[in-house]
Amino acid sequence: MGQLFNRNVLLGISGGIAAYKSAQLVRDLQELGATVRVIMTAGATEFITPLTLQALSGNPVHQHLLDAEAEAGMGHIELARWADVILIAPATANCMARLASGAADDLLTTVCLANTGPKLLAPAMNQAMWRDPATTANLNLLQERGFQLVGPAEGTQACGDVGPGRMEEPAAIAQRTSALFDSDVLDGISIVITAGPTREAIDPVRYISNHSSGKMGFALARAAADAGARTTLISGPVNLDTPDHVQRTDVVTAQQMHDASLAAVADCDIFIACAAVADYRPAEALGQKLKKSADTLQLEMVRNPDIVSAVANHPERPFTVGFAAETQDVAAYAQGKLEAKKLDLIIANDVSDTAAGFNSENNAVVVIGTDYYQELGLASKQQLGRQLVALIAEQYLATVV
Ligand code: PMT
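Since the structure is predicted, the reported quantities are computational estimates derived from the model, not experimental observations. (Residues numbered from 1 in each chain as written. Predicted model: local features only at pLDDT ≥ 70, side-chain atom pairs only at ≥ 80, totals over all residues. Heavy atoms only, no water.)

1. So, the UniProt feature "domain: Flavoprotein" (unreviewed entry) in the protein
Link 1 in the chain: UniProt records the feature "domain: Flavoprotein" (unreviewed entry) for residues 8–177 in the present numbering.
Link 2 in the chain: Measuring from the first to the last C-alpha atom of residues 8–177 gives 11 Å, for a span that is 44% helix and 21% strand. (UniProt positions renumbered as here; feature names shortened; annotations may be inferred. Helix = DSSP H or I, 4+ residues; strand = E, 2+ residues; numbered from the N terminus.)

2. Some thoughts on the pairing of strand 16 (residues 319–326)
Link 1 in the chain: Extensive coverage of strand 16 is indicated by the burial of seven of its eight residues.
Link 2 in the chain: Pairing analysis gives four bridges linking strand 13 (residues 270–273) to strand 16, with the strands arranged parallel. For Ile272, the partnering residue across the bridge sits in strand 16 and is Val321.
Link 3 in the chain: Pairing of strand 16 with strand 17 (residues 345–350) involves six bridges; the strand directions are parallel. In the sheet register, Phe323 faces strand 17, and the bridge partner there is Ile347.
Link 4 in the chain: The handedness of the strand 16 to strand 17 crossover, carried by helix 13 (residues 330–340), is right-handed. (Buried < 20%, exposed > 50% of the residue type's maximum accessible area, 1.4 Å probe, protein only. Pairing = 2+ DSSP bridges. Right-handed = clockwise from strand over helix to strand, strands pointing away.)

3. Some points on the environment of Val38
Link 1 in the chain: Within the secondary structure, Val38 sits in strand 2 (residues 35–40).
Link 2 in the chain: On a C-alpha basis, the gap between Val38 and Thr354 in space is 28 Å, while along the polypeptide they are 316 residues apart.
Link 3 in the chain: Not counting residues within four places of it along the chain, the set of residues in contact with Val38 comprises Leu10, Leu11, Ile13, Val26, Leu53, Ser57, Pro60, Val61 and His62. (Contact = heavy atoms within 4.5 Å.)

4. Remarks on the sheet that holds strand 12 (residues 246–250)
By definition, the strands of a sheet pair up through backbone hydrogen bonds, in either a parallel or an antiparallel sense.
Link 1 in the chain: Sheet architecture is open: eight strands sit in the order 12-11-8-13-16-17-18-19, paired in mixed fashion. Each edge of the open sheet is held by one strand with a lone partner, namely strand 12 and strand 19 (372–380). The average angle at which neighbouring strand axes cross in this sheet is 15 degrees, direction not considered.
Link 2 in the chain: Of the strand pairs in this sheet, strand 18 (residues 362–369) and strand 19 are connected by seven bridges, and their pairing is antiparallel. (Axes fitted to C-alpha atoms, helices over the stretch in contact; angles between N-to-C directions.)

5. Details of the domain arrangement of the protein
Link 1 in the chain: Domain annotation of the protein identifies domain 1 (8–178) and domain 2 (190–400).
Link 2 in the chain: Computed from C-alpha atoms alone, the centre-to-centre distance between domain 1 and domain 2 is 38 Å.
Link 3 in the chain: Contacts between the two partners involve eight residues from domain 1, matched on the other side by eight residues from domain 2.
Link 4 in the chain: Looking only at domain 1, the three residues that lose the most surface to domain 2 are Arg81, Asp84 and Thr116, adding up to 86% of its buried area.
Link 5 in the chain: Applying the counting criterion to the domain 1 and domain 2 interface returns one salt bridge.
Link 6 in the chain: In this structure, Asp84 engages Arg386 in a salt bridge whose closest nitrogen and oxygen atoms are separated by 3.7 Å.
Link 7 in the chain: Joining domain 1 to domain 2, the criterion identifies six residue pairs in polar contact (both at pLDDT 80 or more). (Domains from an automatic or database assignment. Buried area = accessible area lost by both parts, 1.4 Å probe. Salt bridge = Lys/Arg side-chain N within 4 Å of Asp/Glu carboxyl O. Polar contact = N/O pair within 3.5 Å; in protein donor to acceptor, adjacent residues only side chain to side chain.)

6. Topic: the packing of aromatic side chains
Link 1 in the chain: Going through the model one piece at a time under the given rule, you end up with one aromatic pair.
Link 2 in the chain: Residues Phe319 and Tyr396 carry aromatic rings whose centres are separated by 5.9 Å and whose planes lie at 75 degrees to one another, so their mutual orientation is edge-to-face. Here Phe319 is found in strand 16, whereas its partner Tyr396 is found in helix 14 (residues 381–400), with 77 residues between them in sequence.
Link 3 in the chain: Assessed through its relative accessible area of 8%, Phe319 is described here as buried.
Link 4 in the chain: What makes Tyr396 buried here is its relative accessible area of 9%.
Link 5 in the chain: We note Arg37 situated over the ring of Trp82; from NZ or CZ to the ring centre the distance is 5.5 Å. (Phe/Tyr/Trp six-rings, centres within 6.5 Å; stacked < 30°, edge-to-face > 60°. Lys NZ or Arg CZ within 6 Å of the ring centre and 35° of its normal.)

What follows is the structure, encoded as structure tokens:
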């Protein structure tokens, strides 16, 4: 399986002759496992038809910012959140100038502004345009803002000139895109992540649980594995595939998650408690199905062990990160949990927001440490997972040097 397996690549095509190579690029990205969606500028459609890109990508091509029908499907903000990476190939001199100016007057520039993830440019232009100081200044500005570059290559150009400015070959661009997800920042580090809900049995057919889907925890596990960590996922019952290179232990109850977590502590450098663990369980799980009789039913509940607290207070404690699911005064309540549970960091999310938190594709969080405060705005859980792993790695590594 390719390194872009399960990755969403948003391919922006701007108006240059190299746009004809974008068709092959879609194929090469797919070969590496990517799901590809395409945005074309008006100029790009002069060089290659949207129908070609639609047929190859298997998705409708996005062209217009102010298109009510397209916005009703996957709107520009949703597209920006969907993308794990935005790749612009070819990126013309004009496209780069408009990105550098912060323009948001067409779909491609607007989506770039609205996206918080990695962005990769494959420039393509005449050699004199590439060498022009205006292009150099725009490029420098874009690189300062985090845009990355693949190419351009040198050689004979469509206009007959010879020099730098030819778009890099599609296979090389696809490989470079895939390499964006490789990192060795957590090489040799062992990470354990809890994810999903727990289920606490009332009787053989009923249980107490919550709305956690596991998406946030699985996104973290994937990002940790991509960053080179030996990654273990301790998951409650969820309906998700295990990310590549992640070792998964399935559990059902809070007690089982507790036992699996403590068994993993000895070989754990960083513990991230993303699971939504039931605080209480029925005092007794009935052996037979509970019969309906009285009008009301009272269940006696007993406290479950606090898993993240047990890990943070363990004699061999790893760097311990908790989550806080709050519905009000998010930062204040999270701060209280950070201190009460003796955590190194806590990641707070507002679970009253239906666009984020439980079971959503997106999330927005505040990361709090003793001397640390960082807000990460609404993004897909995949994007946020990468941002969080980078941030946790930075904080952890600062404690071990
Ligand atoms: O799974 P998703 O649908 O993607 O949703 C993600 C999420 C909303 C579940 C996730 O982002 C999140 O907020 N997880 C923590 C949920 C939670 O139980 O928060 P809490 O504030 O109740 O608990 C605080 C911390 O203590 C958490 O790290 C929790 O894992 C831990 N805990 C809680 C109780 C317990 N008995 N043991 C624990 O370890």
